[in-house]
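# Commentary on secondary and tertiary structure
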Amino acid sequence: MSENVVSTGAVNAVKEVWEKRIKKLNEDLKREKEFQQKLVRIWEERVCLTKLREKVTKEDGRVILKIEKEEWKTLPSSLLKLNQLQEWQLHRIGLLKIPEFIGRFQNLIVLDLSRNTISEIPRGIGLLTRLQELILSYNRIKTVPMELSYCASLEKLELAVNRDISDLPQELSNLLKLTHLDLSMNLFTTIPPAVLNMPALEWLDMGSNRLKQLPDTIERMQNLHTLWLQRNEITCLPETISSMKNLSTLVLSNNKLQDIPVRMEEMTNLRFVNFRDNPLKLEVTLPPSENTDEEEERELFGLQFMHTYIQESRRAGNQVNCSTTSPNSIDADG
């Protein structure tokens, strides 16, 4: 029996030795594999960095990274070695996300990542205090972070054709230098309060959304000179629109407007108007012009159409008032 105990003990001892050797061998193999993978990553990052450096150019004194129609679903961390970049122009590269380290590019003035498949804007975007232009059109963004309001130098923001954006954080009204905003082809049902309160806004495109009406507070946008609202579902315009004294271009084609406010005649700075393809109550035909160029210009601007329509609506209103106060109607009441 003692021999069996010794034999079992010896077997267990040998087994333990072999298990330790196997464990150590596996750990050594794992470390070797991780080391090899690290070498591969380092080599790949160096290759990527070399490729990226080849895409860096200088234009108008700016250091620009320009890539188009290449496959770059993600951007390597080695890009941080190019932190002197002032502009990114990365179009049609299949980019899935803006890197989390974007905030470390403190010299960025222009960030143009249009026509990719980006689904979100990282909060780190707010660290780019020198950024003047952010162009993210033709992506898959659904929400905009409030941290974007920290980009104090932002002058131009384009979020067109993301299709799913339906609101903006109120904090964006703190973008005191923003003059150009493109929100076209999304899911807005109204003009966000943040937009109405942007003090410097001059150019706004909210075409191809789901706007049904404009707020009475639209007059707050006193610096606005261009407003694109084509292809929405707007049924009427507020009288307060006439208080937008700097508005020179107004596009309202393909909506559901039935009337043009009379007070729009007071908008003396208006130079370009388009009311095409709206179910307006009155049928107004402009008199033929002897000058073909003048006729084309009139069709383009639509100002004469607007004024003629307002005159016709006034005339129609007067006729209604006259008929309701005619002697016959008085006798009938008597």
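Residues numbered from 1 in each chain as written. Predicted model: local features only at pLDDT ≥ 70, side-chain atom pairs only at ≥ 80, totals over all residues. Heavy atoms only, no water.

Named according to an unreviewed UniProt entry, the chain is Leucine-rich repeat-containing protein 39 originating from Ovis aries. Recorded under Function (unreviewed entry), the UniProt text for the chain is reproduced unchanged: "Component of the sarcomeric M-band which plays a role in myocyte response to biomechanical stress. May regulate expression of other M-band proteins via an SRF-dependent pathway. Important for normal contractile function in heart." According to the UniProt record, the Subcellular location (unreviewed entry) comment for the chain reads "Cytoplasm, Myofibril, Sarcomere, M line". (UniProt positions renumbered as here; feature names shortened; annotations may be inferred.)

The next thing to look at is the overall build of the chain. Check the secondary structure of the chain and you find five helices and 11 strands. Each of the 334 residues in the chain was classed as buried or not, and the buried ones make up 42%. Expressed as a percentage of contacts within the chain between residues at least 6 apart in sequence, the contacts between residues at least 24 apart total 33%. With an accessible surface of roughly 19300 Å², the chain has 49% of that area assigned to carbon and sulfur atoms. (Helix = DSSP H or I, 4+ residues; strand = E, 2+ residues; numbered from the N terminus. Buried < 20%, exposed > 50% of the residue type's maximum accessible area, 1.4 Å probe, protein only. Contact = heavy atoms within 4.5 Å. Areas by Shrake-Rupley, 256 points an atom, 1.4 Å probe, with all protein chains shown as cover.)

The mixed open sheet is built from 11 strands, whose spatial order is β1-β2-β3-β4-β5-β6-β7-β8-β9-β10-β11. If you trace the sheet from one side to the other, it starts and ends with β1 (56–59) and β11 (272–274), each paired once. Each strand of the sheet is rotated relative to its neighbour by a mean of 10°, with strand direction disregarded. Alignment of strand β10 (residues 249–251) against β11, held across three bridges, turns out to be parallel. The residue bridging V251 from the neighbouring strand is N274, located in β11. (Pairing = 2+ DSSP bridges. Axes fitted to C-alpha atoms, helices over the stretch in contact; angles between N-to-C directions.)

Attention shifts here to the nonpolar core. Within the largest apolar cluster, 78 residues are counted, with the highest numbers of intra-cluster contacts made by L79, W88, L111, V195, M264 and F275. Of all the secondary structure elements, the ones that give two or more residues to this core are α1 (2–54), β2 (62–68), β3 (87–91), α2 (193–196) and α4 (303–324). Taken together, domain 1 (49–210) and domain 2 (220–314) each give at least three residues to this core, which thus spans both. For W88, the residues in contact, after removing those within four places along its chain, are L65, L75, L79, P99, I102, F105, L108, V110, L111, D112 and L113. (Core = buried A, V, L, I, M, F, W, Y, C linked by side-chain atoms within 4.5 Å. Domains from an automatic or database assignment.)

The next point concerns unusual backbone geometry. Positioned with a positive phi, K69 is a non-glycine residue whose angle comes to about 60°. Within the secondary structure layout, K69 lies in the loop between β2 and β3. Assessed through its relative accessible area of 63%, K69 is described here as exposed. Backbone geometry at R163 places phi at a positive 75°, although glycine is not the residue there. Within the secondary structure layout, R163 lies in the loop between β6 (156–158) and β7 (180–182). For R163, a relative accessible area of 48% translates into the label partly exposed.

Moving on: the environment of I64. Here I64 is to be found in strand β2. Note: C-alpha distance between I64 and W88 (24 residues apart in sequence) is 5.9 Å. Beyond its immediate chain neighbours, meaning those up to four positions away, I64 contacts K55, V56, T57, E59, L85, E87 and Q89.

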